[in-house]
Amino acid sequence: MSIPQRQVRAGYTDETITVYQAYAPSIAEPALAAGRFVAPFKRERMTWIKPSFRWMMYRCGWAEKPGQERVLAVEITRDGFEWALGRACLSHYDRDRYPSRSDWAARLKTSPVRVQWDPERSLELAPLPHRSLQVGLSGPAVTRYVDEWTVGIRDVTATAQAIRAHLRAGERDAAAALLPAERPYPLPEPVAAVIGAS
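Residues numbered from 1 in each chain as written. Predicted model: local features only at pLDDT ≥ 70, side-chain atom pairs only at ≥ 80, totals over all residues. Heavy atoms only, no water.

Engineer: Just checking my understanding: could you explain the nonpolar core for this structure?
Structural biologist: Side chains that are nonpolar tend, in soluble globular proteins, to be buried together. Phe37, Leu137 and Tyr145 are the most contacted members of the largest nonpolar core, which totals 42 residues. Looking at this core, the element that brings in the most residues is helix α5 (residues 140-149), giving five residues. The residues contacting Leu137, other than those within four sequence positions of it, are Arg45, Met46, Thr47, Ile49, Ala84, Pro112, Val113, Val142, Tyr145 and Trp149. Formed by 16 residues, the second largest nonpolar core is a distinct cluster that contains Trp62, Ala73, Val156 and Ala175. (Core = buried A, V, L, I, M, F, W, Y, C linked by side-chain atoms within 4.5 Å. Buried < 20%, exposed > 50% of the residue type's maximum accessible area, 1.4 Å probe, protein only. Helix = DSSP H or I, 4+ residues; strand = E, 2+ residues; numbered from the N terminus. Contact = heavy atoms within 4.5 Å.)

Have a look at this one:
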């Protein structure tokens, strides 16, 4: 079965969705202890969340890139996730989504959320023909993410390291068995339209 070009795939329950971030221990450890993001996490900066575990692994190099040694699975409310997507602006101009480049630029300037669709990654982190969603939160969206949406934070660094070790040993099936389960996320139609989902 072919996968739609732009589809959100994630681990989720009736109430929550899991997104991933990678940080240095100095940020990850206080967040894990508090169950939410606290200093030195900076609310003033745009923070990118990723529903795809494999895309997160591509970004952080299986938790080996400096400053991204700890991989966090952040469980947030689906209401919050959909609030963010419904107020998002694509990070690049798309003539199918916006009447004109100036309309897109105006929305980009006022939206607290950026979204972009990047190639999804295979287990070996090679690009796949379909896309994966990245969501950038700024301003009021970061405040809501930290104070309202976050339900829990788990450290999944050990999972990343175990998958990497299996891959390096040529044990692909064992690596694949450790991947977190992800399935198509049921976006409400108006939200899907905003982010250009297939």
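Engineer: Sorry if this is basic, but what is going on with the side chain of Arg70 here?
Structural biologist: Turning to its location among the elements, Arg70 is positioned in strand β4 (residues 70-77). Of the polar contacts made by the side chain of Arg70, one reaches the side chain of Asp155; its length is 2.7 Å. Setting aside its immediate chain neighbours within four residues, Arg70 contacts Gln21, Ala22, Tyr23, Pro25, Ala28, Glu29, Leu32, Asp155 and Thr157. (Polar contact = N/O pair within 3.5 Å; in protein donor to acceptor, adjacent residues only side chain to side chain.)

Engineer: Honestly, the layout of surface pockets in this entry has me stumped. Any pointers?
Structural biologist: Roughly 490 Å³ of internal volume is contained in the largest pocket. Forming the boundary of the largest pocket are 20 residues, of which Ala22, Tyr23, Arg45, Met46 and Trp48 lie nearest the centre. Within the residue set of the lining of the largest pocket, elements represented by two or more residues are β2 (16-23), β3 (47-49), α2 (53-60) and β6 (113-121). Classifying every residue of the lining of the largest pocket gives nine nonpolar, six polar and five charged. (1 Å grid on protein atoms, 1.4 Å probe; cavity = no way out; pocket = protein on both sides within 12 Å on 5 of 7 lines; lining within 4 Å. Points joined across faces, edges and corners; volume = space filled by probe spheres on them. Nonpolar A, V, L, I, M, F, W, Y, C, P; charged D, E, K, R; others polar.)

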